[in-house]
Amino acid sequence: MPVSIAVLAKQVIDPEMPMAAFRIDADAKAVVPPSNIPPVVNGFDENAVEAALQIKDSQEASITVISTGTSFALDVMKKPLSMGADELVLLQDDAFENSIDSFFTAQLLAAAIRKLGGFDLIICGRQASDWDNAQVPLGVAEILGLSCISLGKKVEIKDGKVSVERITNDGYEVVEAPLPALVTVSNELGQPRYPTLRGIMAATRKQPTIWSSADLDADASQLEPRITLQELFVPVRDQQCEIIEGDDAADAGRQLALKLREAKLI
Amino acid sequence: MADESGVLVLGDSTGGELSSMSRELLTAGRKAADDLGEELAIGLLGATLDQPSQQAISYGADKVYAVTHPQLAQYQVDLYLAAMEALCRDVSPRIVLIGRTNEGRELAPRLAFRLGVGLAQDCLEISVDAGSKTLLANRPVYGGNAIAVVRCNYTPQIAAIRPKVYEPLEPDSSRQGQVVSFPVELDPSQARSQVVNVVEEAAEGVKLEDARVVVSGGRGLGGPEPFKDLETLANLLGGAVGASRAAVDSGWVPSSYQVGLTGKTITPEVYITVAISGASQHMAGCSGAKVIVAINKDAESNIFKEARYGVVGDWEQVVPAFTEAVRELTQS
Ligand SMILES: Cc1cc2nc3c(=O)[nH]c(=O)nc-3n(C[C@H](O)[C@H](O)[C@H](O)COP(=O)(O)OP(=O)(O)OC[C@H]3O[C@@H](n4cnc5c(N)ncnc54)[C@H](O)[C@@H]3O)c2cc1C
Ligand SMILES: Nc1ncnc2c1ncn2[C@@H]1O[C@H](COP(=O)(O)O)[C@@H](O)[C@H]1O
């Protein structure tokens, strides 16, 4: 039996965009997507795709990528397919605009996973780089009653168990859990692979499955927002930097030491 | 749950002492409880809790629930969660505060989901609106580029607090409080994941998160070797070495060196950055430093908007001369 793997992936505003391009609409309490910079698949979710592909490299596996949102850039969301994933399921509905509320998002994703018949392993990113919530995967695990291992940097399946190298404060630990299970991964997993030409060709031919809220069997009481955004603002920084000069760069380094000594900092 | 009341901190102990995160949570909780005119309780999980319970009272708790069970001596996520859920259901607090430590990163969201409520994640500051008794939480989003003020719509209102943003209160050993034993029933078979091996990679010497001085290196260092120079400098200053994610991703140093949003939160007296651009996600882990010093060759780099002192120059020239001068100053 091939291992069935789901990867949960979110489309986000590119976090690498220049800081100057970051704007918010305070009245709408929303970040204004920069017009000339396309969205991306959340970085940690590309790590999650890579983790799934590494499993598929060594054993028979199928990979389904699932995402929820109000609208998608299809070429962006097809990237996991071009990297080697098999299926793409998009939960798309105007009512799904609620990304600050992890409870809501997790309910939708869990409903889709149930509808798809469940998976041996669900792999997620550790957090989405827009709202930095780091909650959805743990919520999906709770809703589906799965064990959950977070912050993985290596994920393997053997003997019906998932084995994860989990990042800790001082290094890492190896954690095991029986399948089915959910795992979140971090950038320490390493660079995601690049799409191959063949992968890109295959991805263009694949059509995503698109479901709206009517297709999902989610309990309405569980979709009430748990969190409300009251205000969104850009913090002000008022730090004045004193630039230490010198005859040359080395001298500036010496002057810096004297300055810090004078200020009793060293 | 009709009569929720009070603030419940979920705390822990390390080496028989109340953990620093718990002390910080008590500061945040004390203020919230006073503003509500309600009680501040702390739930401590462990096997033996006498000393940390007394400490919790001196740091501001009115009541301590000593949640004891032999299985709680060591952290295991499923069992800790079961104990926390039992405590929350029994105590019925209005507000629950938990630390966004490595453990809290998995405990807090799962606890909130289990209780069917929302979680204000990774908060820098909390306050209560005394009239409506609602919790308002300021939390950085978009890597720290913006701050969201969020409200929890269900009780208990749960907030995970970022480490090192609240200072512990001055301990007062004359404070009075009540210690209540809260034994829990735990079924060891609930522990579904198992740690089978632990690998330590952190540097020897002063711990990054406790160091008075931290010297961090970034992508501009170009390779692993220059980190030896930073180590020499850090040793002279009695400090520790950190890094940006770019340096970690390049494999130059282990991930335990990473400072930032998804790395460590540090609050040294002096934070010296070398060839780091100062991306918001990096600053998220070090903006609590008293003084930031930047060495970077690009005068336009964001780090100069965050630093108190800066040198615009190539680190290959600046760092050796700076290190020499530090050696002379600190050893004479
Ligand atoms: C969700 C998310 C989470 C993240 N979490 C973290 C995190 O926890 N920690 C973190 O650090 N980053 C994090 N990042 C990454 C962050 O956005 C930046 O990409 C990263 O911090 C950049 O590292 P850097 O400053 O070393 O590299 P760069 O941004 O490339 O900067 C290198 C700097 O070195 C300078 N330089 C180059 N050569 C020299 C020289 N010879 N002498 C002097 N200066 C020189 C350059 O002028 C430049 O300013 C995260 C990103 C995302 C999306
Ligand atoms: N809208 C979404 N669609 C699919 N997956 C998501 C979505 N939101 C969050 N996730 C998954 O949950 C992880 C953590 O997201 P968050 O809890 O929002 O920070 C992400 O890295 C994804 O794997």
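Our subject is the structure listed above.
Residues numbered from 1 in each chain as written. Chains lettered and ligands numbered in written order. Predicted model: local features only at pLDDT ≥ 70, side-chain atom pairs only at ≥ 80, totals over all residues. Heavy atoms only, no water.

Considering the overall build of chain A
Inference 1: The number of helices and strands found in chain A is seven helices and 15 strands.
Inference 2: Along the first, second and third principal axes, the C-alpha atoms of chain A reach 70 × 45 × 40 Å.
Inference 3: Expressed as a percentage of its 266 residues, the buried residues of chain A come to 53%.
Inference 4: Counting only contacts in chain A whose residues sit at least 6 apart along the sequence, the fraction spanning at least 24 positions is 72%.
Inference 5: Accessible surface computed for chain A: about 11900 Å², of which carbon and sulfur atoms make up 49%. (Helix = DSSP H or I, 4+ residues; strand = E, 2+ residues; numbered from the N terminus. Buried < 20%, exposed > 50% of the residue type's maximum accessible area, 1.4 Å probe, protein only. Contact = heavy atoms within 4.5 Å. Areas by Shrake-Rupley, 256 points an atom, 1.4 Å probe, with all protein chains shown as cover.)

Some thoughts on unusual backbone geometry
Inference 1: Geometrically, the link from Leu179 of chain A to Pro180 of chain A is a cis peptide bond, its omega value of -5° lying close to zero.
Inference 2: Mapped onto the elements of the fold, Pro180 of chain A is located in the loop between β11 (171-178) and β12 (181-185).
Inference 3: In this chain, Thr155 of chain B is followed by Pro156 of chain B through a cis amide linkage whose omega measures 0°.
Inference 4: Structurally, the position occupied by Pro156 of chain B is in the loop between β9 (146-152) and β10 (157-161).

A word on helix α3 (residues 77-91) of chain B
Inference 1: The end-to-end C-alpha distance of α3 of chain B is 21 Å, a good match for the 21 Å that 15 residues give at a rise of 1.5 Å each.
Inference 2: Across the 15 residues that make up α3 of chain B, a large majority, twelve, are buried.
Inference 3: The inward-facing, buried residues of α3 of chain B abut α5 (136-144) of chain A together with β1 (7-14), β3 (40-46), β4 (63-68), β5 (95-99) and α4 (104-115) of chain B.
Inference 4: For α3 of chain B, the capping residue at the N-terminal end is Gln76 of chain B, with a side-chain oxygen 2.8 Å from the backbone nitrogen of Asp78 of chain B.
Inference 5: Within two residues after α3 of chain B, Ser92 of chain B carries a phi angle of roughly 55°, on the positive side. (Expected span 1.5 Å × (residues − 1). Polar contact = N/O pair within 3.5 Å; in protein donor to acceptor, adjacent residues only side chain to side chain.)

Some remarks on the site of ligand 2
All names here are of chain A.
Inference 1: Taken together, 19 residues sit near ligand 2, with Leu8, Asp45, Ala128, Ala134 and Gln135 positioned nearest.
Inference 2: Between a nitrogen atom of ligand 2 and a main-chain N or O atom of Thr68, the distance comes to 2.9 Å.
Inference 3: Here an oxygen atom of ligand 2 sits 2.7 Å away from a polar atom, N or O, in the main chain of Gln135.
Inference 4: Protein chains shield 98% of the accessible area of ligand 2, which is 480 Å² for the free molecule.
Inference 5: Secondary structure elements with two or more residues in the shell around ligand 2: β6 (61-69), α4 (102-115), β8 (121-125) and α5.
Inference 6: Among the elements that make up the shell around ligand 2, the one with the highest residue count is β6 (three residues).
Inference 7: Along the lines of polarity and charge, the residues of the shell around ligand 2 split into nine nonpolar, eight polar and two charged. (Near = heavy atom within 4 Å. Nonpolar A, V, L, I, M, F, W, Y, C, P; charged D, E, K, R; others polar.)

Examining the interface of chain A and chain B
Inference 1: Contact with chain A, which involves 80 residues of that partner, is made by 80 residues of chain B.
Inference 2: Summed over both partners, the interface of chain A with chain B buries about 7100 Å², with 58% contributed by carbon and sulfur atoms.
Inference 3: Area buried by chain A at its contact with chain B is led by Glu142, Asp170 and Arg226 of chain A, which between them contribute 10% of it.
Inference 4: In this assembly, chain A and chain B are joined by six salt bridges.
Inference 5: Its salt-bridge partner being Arg308 of chain B, residue Glu242 of chain A comes within 3.8 Å of it at the nearest N-O pair.
Inference 6: For the pair chain A and chain B, the interface holds 36 residue pairs in polar contact (both at pLDDT 80 or more).
Inference 7: Put simply, the parts of the chain that give the side of chain A that touches chain B at least two residues each are α4, α5, β9 (147-158), β10 (161-168), β11, β14 (227-233), β15 (242-243) and α7 (249-262) of chain A.
Inference 8: Ranked by residue count, the leading element in the side of chain A that touches chain B is α7 of chain A, at eleven residues.
Inference 9: One ladder, built from six bridges, connects β11 of chain A with strand β12 (residues 194-200) of chain B; its direction is antiparallel. Across the sheet, residue Val175 of chain A finds its bridge partner in β12 of chain B, namely Val195 of chain B. (Buried area = accessible area lost by both parts, 1.4 Å probe. Salt bridge = Lys/Arg side-chain N within 4 Å of Asp/Glu carboxyl O. Pairing = 2+ DSSP bridges.)

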